[in-house]
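Spelled out, the chains give:
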Amino acid sequence: MPDPGLEKTYDPSRVESRWYADWIERGLFTPQPDPDRKPFTVVIPPPNVTGRLTMGHVLNNSLQDAVVRWKRMEGSNTLWLPGTDHAGIATQNVVERHLKDQGVSKESLGREAFVARVWEWKHEYGGIIQQQLRLLGCSLDWSRERFTMDEGLSHAVREVFVRLYRKGLIYRGSYVVNWCPRCLTALSDEEVDRENRPGHLWHLKYPVAGTRDKFITVATTRPETMLGDVAVAVHPRDSRYKALRGKTAILPILRREIPILADDYVDPKFGTGAVKITPAHDANDFWVAQRHGLEAINVMHADGTMNENAADYAGMDRFEARERIVAALQDRGLVAKIEPYDLSPGECSRCHTPIEPRLSPQWYVKMKPLADAALAVHRKGKVKFYPKRWNKVYVHWLENTRDWCISRQLWWGHRIPVWTCGCGEIIVDSVTPAACPKCGSAGLKQDEDVLDTWFSSWLWPFSTLGWPEPTEDLRYFYPTAFLSTGADIIFFWVARMIMAGLEFMGEVPFSHVFFHSIVRDTQGRKMSKSLGNSPEPMDLMSKYGADAVRFTMISLTPPGQDLVFDEARCETGRHFANKVWNATRLVLMNSGDFDPAKVRESQLKFSLADRWILDRRNEAIKDVNRCMKTFRFNDAANAVYHFLWGEYCDWYLELAKTAFQEGGEAAQAARWTAVRVLDDTLRLLHPFMPFVSEELWQSLPGRKADERLPVAAWPKQKAAWRRPEVVQELQQLQEVITAVRTLRSEMNVSPGQPVKVLVQAPAGEVERLRESAALIRSLCRAETLEIGAALAKPAACASAVAAGCEIYLPLAGLIDLAAERDRLARELERVEGLLLNARKKLSNQDFLTKARPEVVERERGKVEELAGVRDKVERALKAIG
C-alpha cells in the first residue's frame, strides 16, 4: 500500500506554529482596500494590555476567527483588526504593585516619571496575550494592530472630547459616583464586583422634635453615614407616618434637626418604611435631596476615613466609625433592633476594596441625545442582536440611560484636554495650548483627571482605521460587519459604540452583534482565575492542541445559553482531529499517485456509495452555511463533525474499501470521490480547526506548492450531485447493516467473528438488496448472506426489523447457548435490582424535596437507561429460547 506521506499519529506541536508562521509570512491576513471586492471587517474586542488568555477569550476569539475565516474563503476582502486596551485602573494597579516590590511608590516618582514607568512596563510585558492569540490560530492582521494609547487613537479621543464639549454634550458636575477609597478614583459599574453576602439591617430610632417619647425608626445597612443625614423620608401613601409628615426629627449624636418628608422613591416594604436621606453618600438619596432642595453633607475623606463633619468620629476608618456609632446609639437606647440582611456590596474589581458611594465633581457626557439616535437606528433594524432577547435589554437601558461619568482620578490614561488659567479662562482643545487666548498667560494648568477607559473604547471601530483623518482604510473598511462580545458590556461598550459611530461617522459601526456564552464550571460558577476554577488555556492547548480546544469550545456553545466547560471534553476535539488525520491517511494509502484533476467526472462510473456521499456533501455545505449565517456556531461545527465522522468516515470510507479492493473503474470512481469530498470537507472544517485542516489539505494529490487553505475557495453545492433517491436507497442498506451490528452486540458476538445473516425483504426490494450484497456482507462481517422474500426463520436466532425487512442472525454454533442463557439471566436479575432501587428513590417524597433538581433528573435518566438495558436483555433471552 502506498506511503500516505503523513505520520501515523497527529502531533499538533509539529504542525500549528509552522503553519501560522507561513500564513503570516505570506500576508494572507493583511487585506488591502479593493473597490472590486466587498469588505468584511471585524474589530477585536480589545483585551486589557495587562491580560492573559482566559477561557472566555478562547471562546470569543475562536468564534470570531471561525466567522472571519469563513468569510475570507467565501471571497470577501476580510479584515480582522487586533489591538489592546490601556485598561487605566487595571494597568496602574499592576505597575503600582510592581513598584511596591521594589520599594517605590508612584507618589515618590511623580506623575510624569510614573507614566513613563507604565510605558516601560507595557513595552516589556504588555504583549503576552497577543502571542497567545497567535498560538490559538487567530487570523488577525497584525500589521494593523492598535493600542488605545497610540498617538493616532489619543488624537481621536481628544478630538471627540472637544467636539462633544463644544456641542454642549460634555459638562462638569457633582453627582454620587462609585468611589474606591484605595485607588482614590471614581469607578464605572463595570469596574465594581458585586456578590450576595450576609450583612445586617440596623433599625435606628430618631426622636421626633417637640416630643418626649416619640420616635421615627429608620432602617439602614450603613449606620456610619447617618452623620450626613439631611432628612427622613416615607412614602406619600404610607398611613403609618401620615401624622409625622412635615415634622422634624432629631439626628442622634449630632442633635441636628432634619425634616420628615414624603417621596415616591421610598419602598414601604423595606425595613420600617422610613429611610434616612444621605445625599452625599447614596445616589438615590442625592436625587431625593435635589427634588426637595436639601443640601448634601459629606462626612468622609476620599480615603474612606471620617472627616470633620463627623464630629467626634473624625479620623476614624469608616468601618471603625460604624462600630462606634452603633455602640453609642445602643448606649442611648436608640437601636430598635439589628436583623440579618443579605447584601450585595460593591468592591473595586482591581484591589477588592469595598466601594463608597461619594458625591464628587466629575466630567459627564449627556447621554439622551446620543441614546435617542441609537434607539432610532435599532428600531429601523440597522443593528441586529443575537440572541434576540438582548434587544429588549438594549432598548430598556437606552430609554432609561443616565449621564456618563467619564473622568477618573488616575495618572495612566488619556488626560482630559481641559486647561484653566489664573484669569478664570477655560480652554478645551485637542492640542496643548501655548498660552491663554484671553490674557496671554502661559501659566495654564491641565485638568488632573484622565478619561474612563471606555471613552477610548467606544471609538474603537473607526479610530482604529485612522479617524479623524480620512484614511483609505476608513473609507473602505468602515462600517464593520460583525461584533462578538459578552452581554455584560452591552451598555458599557456596545451601545456606546453605536452612539459614537452615528455621532462621528453618521453610520452604525456594525450591523450584527453576537453575544457569546459565559463559560462556567460544572458547578455553574463563572470561570475565573481568582476563584481557581478556570484551567490555564495555554496548558490545554499544549496538552490537546489549539484545534481541539477551539473545536471543543465552539461545538459546546449553545446559542443564548452558558457554556458548561469540563477539561475532559477537550478529548472530543482531540479524538476528532485524530479521526480526520487517520481518514486522510486511509484515502491517501488507497489513492497512490492518483490526481483527481486529471480525471473527467463524466467518464467515471459512480457506485451507489459514491453518489450517496456526493449528495451528503451537498447537504453538509448547506447546513454549515445556514448555521454560520444565523450565528449558530455550535450547530455549524457539529454539522461538520457529524458529516465527517458519521457519514464520510464511518460509512463512506468503509463502503469504499470494497471498491478500492476491486480495482478498475469502481476503484477509480471511489478514489475520485474520496479525494474530492475530503478536499471540500477540509475546507468546511478550516474555520473551526485551521491547523490540522491545512496540514491535511496540503497532503491531498494535485495540490500546488503555493496554495493555502485560508484563501482557498469555500465549497459550493452542486445541483447535479443532489440525489434524494440515492439517499433513500442507501439508508435502507444502513438500517440493515446497523441492525445486524446491533444484534451481534446484544448477543455478545465479537465484531470480528464471521456470522450467517438472512434478510427477508419485500418482494420488490429483493433484487435491489442483492445488488448490494457484497457491501452488506463486508460491513456486517457476514460469512454468508441470504436475501429473499420467503425465508424460514431459523431456530435459536436473534432477529430485528429494519427498513421493512426482517433480519435473522442464527446463533447455533455461533455462541454457547446454555452459557449465554445463564449469563443473560444473571444480567437480567442484576439490572432489575438496580431498576427497582432507582424507582424506589424516585418514589421517595423526601428525596424529591431535598435533592437538587439536577440530581433528581440524573436519577430519572438512570431509570430510563436501566429500563432500556432490561428490554435488550429480555430480547436476547427470547432469541436464545
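The coordinates are above.
Trainee: How would you summarise the overall build of the protein chain if you had to cite specific residues and measurements?
Mentor: When helices and strands are tallied, the protein chain shows 28 helices and 31 strands. Here the C-alpha coordinates of the protein chain stretch approximately 110 × 70 × 55 Å along the principal axes. Looking at the 881 residues of the protein chain, the share that counts as buried comes to 55%.

Trainee: Outline the pairing of strand E13 (residues 274-277), supporting the account with residue identities and numerical values.
Mentor: Because side chains alternate across E13, one face comprises the buried residues Ala-274 and Lys-276, and the other comprises Val-275 and Ile-277, equally buried. Direction of pairing for strand E10 (residues 231-234) relative to E13: antiparallel, over a ladder of 4 bridges. Across the sheet, the residue bridging to Ala-231 is Ile-277, located in E13.

Trainee: Give a detailed account of the packing of helix H2 (residues 55-74) against helix H6 (residues 128-136), specifying residues and quantitative values.
Mentor: Following both chains from N to C, one finds H2 and H6 inclined at 55°, their axes separated by 11 Å at the closest point. Between H2 and H6, the angle is such that the two are oblique. Crossing angle aside, the handedness with which H2 passes H6 is right-handed. The residues of H6 that touch H2, namely those facing His-57, Val-58, Asn-61 and Ser-62, are Ile-129, Leu-133 and Leu-136. Partitioned by chemical class, the residues of the contact of H2 with H6 number 4 nonpolar, 3 polar and no charged.

Trainee: So what about the sheet that holds strand E28 (residues 755-760)? Which residues, and what values?
Mentor: The strand order across the open sheet formed by 4 strands is E29-E28-E31-E30, and the pairing between neighbours is mixed. This sheet does not close on itself; its edge strands, each paired only once, are strand E29 (782-788) and strand E30 (797-802). Neighbour-to-neighbour, the strand axes of this sheet turn through a mean angle of 20°, independent of strand direction. Bridging between E30 and strand E31 (residues 805-810) involves 6 bridges; their strand directions are antiparallel. In the strand pairing of E31, Ala-798 is matched with Leu-809.

Trainee: Account for the environment of Glu-874, with residues named and values stated.
Mentor: Tracing the backbone shows Glu-874 in helix H28 (residues 853-880). For Glu-874, a relative accessible area of 36% translates into the label partly exposed.

Trainee: Outline the nonpolar core, supporting the account with residue identities and numerical values.
Mentor: In terms of nonpolar packing, the biggest core is built from 143 residues, with Tyr-648, Tyr-652, Phe-688 and Ile-807 touching the most fellow members. Those residues in contact with Tyr-648 that sit more than four places away from it in its chain are Val-587, Ile-613, Phe-643, Leu-653, Ala-674, Val-677 and Leu-678. Within the second largest apolar cluster, 63 residues are counted, among which are Leu-375, Ile-498, Met-499 and Leu-502.

Trainee: Can you explain helix H17 (residues 546-555)? Please cite residues and give values.
Mentor: The buried fraction of H17 amounts to 10 of the 10 residues, a majority that puts the element mostly inside the structure. Of the positions making up H17, those classed as buried are Ala-546, Asp-547, Ala-548, Val-549, Arg-550, Phe-551, Thr-552, Met-553, Ile-554 and Ser-555.

Trainee: Pulling in residues and values, what's your account of the pattern of salt bridges?
Mentor: Applying the stated criterion to the full structure yields 53 salt bridges. Between Arg-703 and Glu-707 there is a salt bridge, and its shortest N-O distance comes to 3.5 Å. Classification of Arg-703 as buried rests on a relative accessible area of 18%. For Arg-860, the salt bridge goes to Glu-857, with nearest N and O atoms at 3.8 Å. Highlighted residues: Arg-860 and Glu-857, both in helix H28, separated by 3 residues, approximately one helical turn. Among the charged side chains, a salt-bridge network with shared partners connects Asp-679, Arg-683, Arg-703 and Glu-707.

Trainee: How would you summarise unusual backbone geometry if you had to cite specific residues and measurements?
Mentor: Omega for the peptide link from Tyr-386 to Pro-387 comes to -5°, which places this bond in the cis form. By secondary structure assignment, the location of Pro-387 is in the loop between strand E17 (384-386) and helix H11 (390-399). The phi angle at Ala-87 is positive, at roughly 50°, despite the residue not being glycine. Take Ala-87: it is sitting in the loop between strand E3 (83-84) and helix H3 (88-101). Backbone geometry places Ile-253, a non-glycine residue, at a positive phi of 75°. Mapping Ile-253 onto the fold places it in the loop between strand E11 (248-251) and strand E12 (256-262).

Trainee: Describe in detail the packing of aromatic side chains, supporting the description with residues and values.
Mentor: Enumeration according to the criterion identifies 45 aromatic pairs in this entry. Between the aromatic rings of Trp-404 and Trp-458, the centroid separation amounts to 5.0 Å while the plane-to-plane angle is 85°, which identifies the pairing as edge-to-face. Placement of Trp-404 in strand E18 (residues 404-405) and of Trp-458 in the loop between helix H12 (453-457) and helix H13 (460-463) is noted, with a sequence separation of 54 residues between them. The two residues Trp-404 and Trp-458 agree in class, both being buried. Pairing Phe-551 with Phe-576 gives two aromatic rings, centres 4.9 Å apart and planes at 40°, and the pair type is tilted. With Phe-551 in helix H17 and Phe-576 in helix H18 (residues 570-589), this pair connects stretches of sequence that are 25 residues apart. With a relative accessible area of 1%, Phe-551 lands in the buried category. Classification of Phe-576 as buried rests on a relative accessible area of 0%. Site record: aromatic cluster; members linked through ring pairs are Phe-161, Tyr-165, Trp-363, Trp-404, Phe-455 and Trp-458. Sitting over the ring of Trp-404, Arg-496 keeps its end group 3.8 Å from the ring centre.

Trainee: Talk me through the environment of Arg-858; I want residue IDs and the actual numbers.
Mentor: Its location among the elements puts Arg-858 in helix H28. Judged by its relative accessible area of 52%, Arg-858 is exposed. Separated by 593 residues in sequence, Arg-858 and Tyr-265 place their C-alpha atoms 46 Å apart.

Trainee: Talk me through the sheet that holds strand E6 (residues 185-187); I want residue IDs and the actual numbers.
Mentor: Through backbone hydrogen bonds, the strands of a sheet pair up, either in parallel or in antiparallel fashion. Judged by pairing direction, the sheet is antiparallel, and its 4 strands sit side by side in the order E6-E5-E16-E18 without closing on themselves. Both outer strands of the open sheet, E6 and E18, are each paired with one neighbouring strand and no more. Relative to E18, strand E16 (residues 356-365) runs antiparallel, the two being bridged by 2 bridges. Within the sheet, the bridge partner assigned to Val-365 lies in E18 and is Trp-404. Sheet contacts for helix H8 (residues 283-292): strand E5 (170-180) and E16; angle to E5, the most-contacted strand, approximately 135°.

Trainee: Describe the side chain of Asp-447, listing the residues and the values that go with them.
Mentor: Mapped onto the fold, Asp-447 is located in the loop between strand E22 (445-446) and strand E23 (450-451). For the buried Asp-447, which has no salt bridge, the nearest side chain bearing the opposite charge is Arg-172, at an N-O separation of 4.1 Å. At 2.8 Å, the side chain of Asp-447 forms a polar contact with the backbone nitrogen of Asp-449. Among residues more than four places away in sequence, those in contact with Asp-447 are Arg-172, Trp-363, Arg-415, Ile-416 and Val-418.

Trainee: Tell me about the pairing of strand E1 (residues 39-43), residues and numbers included.
Mentor: Taking burial as the measure, the 5 residues of E1 include 4 buried ones, the bulk of the element. For E1 and strand E2 (residues 77-81), the ladder comprises 5 bridges, and the chain directions are parallel. For Val-43, the partnering residue across the bridge sits in E2 and is Leu-81. In the classification by handedness, the crossover that spans E1, the intervening H2 and the parallel E2 is right-handed.

How each quantity is defined
- Residues numbered from 1 in each chain as written.
- Predicted model: local features only at pLDDT ≥ 70, side-chain atom pairs only at ≥ 80, totals over all residues.
- Heavy atoms only, no water.
- Helix = DSSP H or I, 4+ residues; strand = E, 2+ residues; numbered from the N terminus.
- Buried < 20%, exposed > 50% of the residue type's maximum accessible area, 1.4 Å probe, protein only.
- Pairing = 2+ DSSP bridges.
- Axes fitted to C-alpha atoms, helices over the stretch in contact; angles between N-to-C directions.
- Parallel < 35°, antiparallel > 145°, perpendicular 65-115°, else oblique.
- Left-handed = near helix turned anticlockwise from the far one by under 90°.
- Contact = heavy atoms within 4.5 Å.
- Nonpolar A, V, L, I, M, F, W, Y, C, P; charged D, E, K, R; others polar.
- Core = buried A, V, L, I, M, F, W, Y, C linked by side-chain atoms within 4.5 Å.
- Salt bridge = Lys/Arg side-chain N within 4 Å of Asp/Glu carboxyl O.
- Phe/Tyr/Trp six-rings, centres within 6.5 Å; stacked < 30°, edge-to-face > 60°.
- Lys NZ or Arg CZ within 6 Å of the ring centre and 35° of its normal.
- Lys, Arg positive; Asp, Glu negative; His and termini not counted.
- Polar contact = N/O pair within 3.5 Å; in protein donor to acceptor, adjacent residues only side chain to side chain.
- Right-handed = clockwise from strand over helix to strand, strands pointing away.

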